Protein chains: 4
Amino acid sequence: MIVILKPKTKKGDVDKLINKLESQGVQVHPVDGAEISILGLVGDTTKIDSSSIEACDIVERVMYVQEPFKKANRAFHPDNSIIDVCGRKIGGKEIALIAGPCSVETKEQITLIANEVKKSGAGFLRGGAFKPRTSPYSFQGLGADGLELLKIARKNTGLPIVTEIMSPHYIEKFVQDVDIIQVGARNMQNFDLLKELGTINKPILLKRGLSATIEELLMSAEYIMAGGNEDVILCERGIRTFETYTRNTLDLSAIPAIKKLSHLPVVVDPSHSAGKAWMVDSLSKAAVAVGADGLIIEVHNNPAKALCDGQQSITPASYDKLVSELRLIAEAVGREI
Amino acid sequence: MIVILKPKTKKGDVDKLINKLESQGVQVHPVDGAEISILGLVGDTTKIDSSSIEACDIVERVMYVQEPFKKANRAFHPDNSIIDVCGRKIGGKEIALIAGPCSVETKEQITLIANEVKKSGAGFLRGGAFKPRTSPYSFQGLGADGLELLKIARKNTGLPIVTEIMSPHYIEKFVQDVDIIQVGARNMQNFDLLKELGTINKPILLKRGLSATIEELLMSAEYIMAGGNEDVILCERGIRTFETYTRNTLDLSAIPAIKKLSHLPVVVDPSHSAGKAWMVDSLSKAAVAVGADGLIIEVHNNPAKALCDGQQSITPASYDKLVSELRLIAEAVGREI
Amino acid sequence: MIVILKPKTKKGDVDKLINKLESQGVQVHPVDGAEISILGLVGDTTKIDSSSIEACDIVERVMYVQEPFKKANRAFHPDNSIIDVCGRKIGGKEIALIAGPCSVETKEQITLIANEVKKSGAGFLRGGAFKPRTSPYSFQGLGADGLELLKIARKNTGLPIVTEIMSPHYIEKFVQDVDIIQVGARNMQNFDLLKELGTINKPILLKRGLSATIEELLMSAEYIMAGGNEDVILCERGIRTFETYTRNTLDLSAIPAIKKLSHLPVVVDPSHSAGKAWMVDSLSKAAVAVGADGLIIEVHNNPAKALCDGQQSITPASYDKLVSELRLIAEAVGREI
Amino acid sequence: MIVILKPKTKKGDVDKLINKLESQGVQVHPVDGAEISILGLVGDTTKIDSSSIEACDIVERVMYVQEPFKKANRAFHPDNSIIDVCGRKIGGKEIALIAGPCSVETKEQITLIANEVKKSGAGFLRGGAFKPRTSPYSFQGLGADGLELLKIARKNTGLPIVTEIMSPHYIEKFVQDVDIIQVGARNMQNFDLLKELGTINKPILLKRGLSATIEELLMSAEYIMAGGNEDVILCERGIRTFETYTRNTLDLSAIPAIKKLSHLPVVVDPSHSAGKAWMVDSLSKAAVAVGADGLIIEVHNNPAKALCDGQQSITPASYDKLVSELRLIAEAVGREI
């Protein structure tokens, strides 16, 4: 941590600040220049509150030099984390393929799609039961009934199921029924939910918030991990920018960034980011090429009839073709599908 | 709602789509041009799911012409809503002054500040008990103990209290203890929390999310109002942009926009937006000049010792001076302090 | 400047880097910690190229602690700069009122509007002759003929004229004909144009680019000032964000930021930022309240017939009413109109 | 084009507007609903100025349904444009590999790098002679001398040369000396420069502005094409977002978007977007996978000594390895290197 002092600060005031900082357990190295003076803080700075330092009269600015996350940090865990989900691995050599409809609608729909995507090579089934919708008047998902339908599809295909949680009231039920609990982009900084998920023993798929920095995503992972649950899978799903042609801007440079900063696996959601079914194909290929550990793709047997998000879903036939093409890309970058 | 068809679409396919749409209760007016054809949808389009239409092969794009919010819409409620909080009004001629520390720390601290800001003219006391912090290792607030301290300060001063809720587990307690329940920016689209707050009888202060559009803010208000709780106060607190000098970019044009689109009152938080105490003064004046119904300002008796967010707090003395200057601005725009 | 070294760097490599840096004329102060080491650079770091340092194997990151602008920096010029334009001042106690149509259309139009805004209290006439339009098929302005019409209006009213330059080919003509040369947002980083404007003796109104940071705006001012022309007036005109309701997001916090960082005057353009005539009124009031040194407002005698940008223009009658209301705000913040 | 009328508009006023619009050569189809009325405009709407319509009292909003670009539009030119540069093709099956240093420094440097990248498979040499730098005090490039060095490297290797133009004063020289003229991101909306480039006979590499939408990029291409020069190569180089870990956010979804909207070739610059040499590898692979027609990569023989932008350059050895790996990706998506 670096504390930049205001010009022409009195020595006495600086000494007082240094004492205050040292009393919090760090060593302080002053650097005095003609125009500017700084304090270099060395030691465990995680407990130092930068904003309270910045509130001091003589302080211009405080800068971090170390990442504020610990458990998610690759520096302290050089090897990739490989998450085990019912015997399947996420984060290893094999690309995790997660696929399924936006919303669970009927037993027939979810079972049919589950069977189709399994045939194509998917290893996990996704499907929304509780749906975060911008409008209170839009279809909100089948809720608990949707979970039951997902369980039937799992029984039928053996595919572990991934679905989104929206309220802490349902954590117990999700722990029982679901194989990976998804935290949606809008809840990425719902810290109370994250804390509760930190106390359970179930993999979490944590989606990046629409305007969350990479560091904030890792800090949200840290919330879960700090509670003891270290099975966190990160997900890039597009960020909000000024561009309006695509619904969100898929930030693929986040993948190498996350792989460098953290040991956690990271998957890409090409369906929600662009919001356009015809882009899923090329964005999926780019995601594998850039180094993603998996893909979460919306597949629907009849996009035009889907109750929501139809426009970003592809058909099982398109998915099948896509997976076969992705194999070549995966191989080209030393991965497997 | 406008449906733009792809070029060279077959008449038969268009007719099918028209039938499908009309079966959902709207009238469809086709407009055929040499290069482009559109369908104008008239009637109650709130139940039409635009994405399922966009999933149709022959559809290029769907555009909204009407705001998707109803209860929050000024079109259906031309007069300003004035929210009554323990006999004080928010949304009327008088500017609501909400002030207090970022975090409740001790009985002495909160009581002292409450008394100071009351003397200066504040009508409401703010103070964080449950704190949303980016890092799990930062101070998380005093929690329920903080609520008790706020209640003591209220008893002492008569000021209604405003504080943030972070989990639905605490709703019952907040209804009992608190006068205005604040929903923070990070929970603006925590839809399950919003739904639960829609069923209670207590004013809600809803902060705009860091990357939420004005329309999304109003849709989140709609979630609460759709449940029956129409006492929603909106709050502009800065949005996330590329600019890094300020922590967030205060979007003051959102105030006239919201006043035009909605009848709900809207207040401004100049402390969190800029993240710099020395900017609170000028941003507060601008907020009143632009038409805000209130100001929520962080005041701390000793910013340098605050456990969090110190750098954005001003002292009681600065607050007192600010309020006296704001009176002139308020008067200049036909308001009162 | 702070150089953050990678963990576990060899002493020999660090010493080499220190020598290299010191050979560029700065003093280097190393700060060694258990987990991290940094180098504090003191002295004239403006010639040090941070990216070439960051290219070194042992370097993690380079951070600036000083602003990279000199001539525009308030640190070296504590008093406000007051720009003299034909005897009128911009940057002093009086708020500069610049008004006029988006485009110059006819002699009658520009003369009529010039007279009207002068009567209301405007001190400067604006009007576009060369127009930057997104589409090559849109009206591009009257060009040199427009300048002639502006000169007629100036002769008629005595108001100095402000108009935009788009190509260095016209600099000589602008120096002869125009009183303030405007550089539009899209050319804020047209560095060759800025350099040429640095060599002339004429005030420049430099608009902030749509996605330019405050620091970049000041660096562009620095380009002009470094050439010898220190009469630069900055202009905040809205930045590009995710919000789509307004055309751009007016960043009023940029005003106190610029006043703190620089001694240059800064005016606000409330017409282009929001792109909505009905917002000009409240945004203008906010701009004066926040501390702007002037307002540049589009006024058109018949907005509905304007060839471009009609929707953001207000009528002379609205302008007249607005100016009288602005007087109260100006007074409330210790300024004059 | 769709004109949305305000509620409760008088029939007489609507009829007047319809007449006005029809007098501008379009057909108007009114659609009347209970709550809202719209006008559908059919015909050649490129000459209709939407803002002057929006300035009408009775108009709520105007929406476009057609892209405003013509010559760049795939709708009117279904086949991919393939640009011929000295016998080499850009936009065909083969991926164009453009490589070279950020800045031309010496004859030895540019010739050595040119020979190296040619051996690795590059088909074009890039190198900056005129450099757009944020600070006037930074190295501004060798200018005309740099062009001479590029010509020597071209003679030596046969590689066509690509370099950036910053001022219209140099167009004649660039036409003589250079094979592809690059327009940098900061000049993407320097419309006067674009117009002049439209009149010459030389391929243009047009970089997307930091905050330019895909549509604006295509409109800037349209400026050049409208003048007669249809040899425009587009370049995605990262956009400005809130994320600060990467210098810019590479928007790879722009590639399929541009390929759908336009027939022009589009290349990707992975060096400038992320600003980190270690990311060039994975972003290049993603760019080829997503469908880019080429890559423009910074290669430097000694990044740590580069006078600028060193941190985003890779070495010739890394480039060689990268190209060999890219071949596999290119093959996987049906392209060639």
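Residues numbered from 1 in each chain as written. Chains lettered and ligands numbered in written order. Predicted model: local features only at pLDDT ≥ 70, side-chain atom pairs only at ≥ 80, totals over all residues. Heavy atoms only, no water.

## Topic: the overall build of chain A
A count of helical and extended segments in chain A gives 11 helices and 14 strands. For chain A, with 337 residues in total, the buried portion stands at 66%. Looking at chain A alone, contacts between residues at least 24 apart form 68% of all its contacts between residues at least 6 apart. (Helix = DSSP H or I, 4+ residues; strand = E, 2+ residues; numbered from the N terminus. Buried < 20%, exposed > 50% of the residue type's maximum accessible area, 1.4 Å probe, protein only. Contact = heavy atoms within 4.5 Å.)

## Remarks on the interface of chain D and chain C
Contact residues are listed per partner, giving 47 residues for chain D and 47 residues for chain C. Carbon and sulfur atoms supply 50% of the area that chain D and chain C bury against each other, a total of about 4,000 Å² over both sides. At the surface where chain D touches chain C, the tally comes to 2 salt bridges. Across the salt bridge formed by Arg240 of chain C and Glu216 of chain D, the nearest N and O atoms sit 2.7 Å from each other. Summed over the shared surface of chain D and chain C, the number is 19 residue pairs in polar contact (both at pLDDT 80 or more). Mapped onto the side of chain D that touches chain C, the elements with two or more residues apiece are α2 (50-54), α6 (191-197) and α7 (214-226) of chain D. At 5 residues, α7 of chain D tops the list of elements feeding residues into the side of chain D that touches chain C. When its residues are assigned to classes, the side of chain D that touches chain C shows 19 nonpolar, 14 polar and 14 charged. (Buried area = accessible area lost by both parts, 1.4 Å probe. Salt bridge = Lys/Arg side-chain N within 4 Å of Asp/Glu carboxyl O. Polar contact = N/O pair within 3.5 Å; in protein donor to acceptor, adjacent residues only side chain to side chain. Nonpolar A, V, L, I, M, F, W, Y, C, P; charged D, E, K, R; others polar.)

## A closer look at the relation of the copies chain D and chain C
Rotating chain D by 180° and translating it 0.0 Å along the rotation axis places it on chain C, where the RMSD comes to 0.0 Å. What the rotation and shift describe, once combined, is the action of a two-fold rotation axis. Distance from the rotation axis, computed per C-alpha, reaches its smallest value in chain D at Ser211 of chain D: 2.9 Å. Interface residue correspondence from chain D to chain C reaches 100%, placing this contact among same-surface, isologous pairings. (Least-squares fit on C-alpha atoms with pLDDT ≥ 70 in both.)

## Some details on the interface of chain A and chain C
With 23 residues of chain A at the interface, the matching set in chain C holds 23 residues. Of the roughly 1,900 Å² buried where chain A meets chain C, counting both sides, 71% is carbon and sulfur surface. Taken together, chain A and chain C are joined by 0 salt bridges. The tally of links between chain A and chain C comes to 0 residue pairs in polar contact (both at pLDDT 80 or more). Looking at the side of chain A that touches chain C, the elements with two or more residues in it are β1 (2-5), β2 (26-32), β3 (37-43) and β4 (59-63) of chain A. Its residues placed into classes, the side of chain A that touches chain C shows 12 nonpolar, 6 polar and 5 charged.

## Some remarks on the sheet that holds strand β7 (residues 96-100) of chain B
All names here are of chain B. If you trace the 8 strands once around the closed barrel, you get β7-β8-β9-β10-β11-β12-β13-β14, paired in parallel fashion. Recorded for the sheet is a direction-independent mean angle of 30° between the axes of neighbouring strands. Two strands pair when backbone bridges link them, and β7 and strand β8 (residues 124-126) are joined in this way by 2 bridges, in the parallel orientation. Opposite Ala99, over in β8, you have Leu125 as the bridge partner. Strands in contact with helix α10 (residues 277-290) are β13 (266-268) and β14 (294-298); relative to β14, the strand with the most contacts, it is inclined by about 165°. (Pairing = 2+ DSSP bridges. Axes fitted to C-alpha atoms, helices over the stretch in contact; angles between N-to-C directions.)

## Things to note about the packing of helix α11 (residues 316-332) of chain B against helix α11 (residues 316-332) of chain C
Packed helices, taken two at a time, are described by the angle their axes make and the gap between the axes. At their nearest, the axes of α11 of chain B and α11 of chain C sit 9 Å apart, and the two run at 180° to each other. As judged from the angle between their axes, α11 of chain B and α11 of chain C are roughly antiparallel. Between α11 of chain B and α11 of chain C, the residues in contact are Leu328, Ile329 and Ala332 of chain B and Leu328, Ile329 and Ala332 of chain C, respectively. When its residues are assigned to classes, the contact of α11 of chain B with α11 of chain C shows 6 nonpolar, no polar and no charged. (Parallel < 35°, antiparallel > 145°, perpendicular 65-115°, else oblique.)

## A few points about the packing of aromatic side chains
A ring pair, where both rings are aromatic, is described by two values, the distance of the centres and the angle of the planes. Residue and element names in this part refer to chain B. Taken as a whole, this structure holds 12 aromatic pairs over all chains when the rule is applied. Relative to Phe174, the ring of Phe130 has its centre 5.8 Å away and its plane inclined at 40°; by these criteria the two rings are tilted. With a gap of 44 residues between them, Phe130 in the loop between β8 and α4 (144-157) and Phe174 in helix α5 (residues 171-177) connect regions that are remote in the sequence. You'll find Phe130 and Phe174 in the same group, each marked buried. (Phe/Tyr/Trp six-rings, centres within 6.5 Å; stacked < 30°, edge-to-face > 60°.)

## Digging into the domain arrangement of chain A
You can read the domains of chain A as domain 1 (2-63) and domain 2 (74-332). Each of domain 1 of chain A and domain 2 of chain A was reduced to a C-alpha centroid, and the two centroids are 43 Å apart. (Domains from an automatic or database assignment.)

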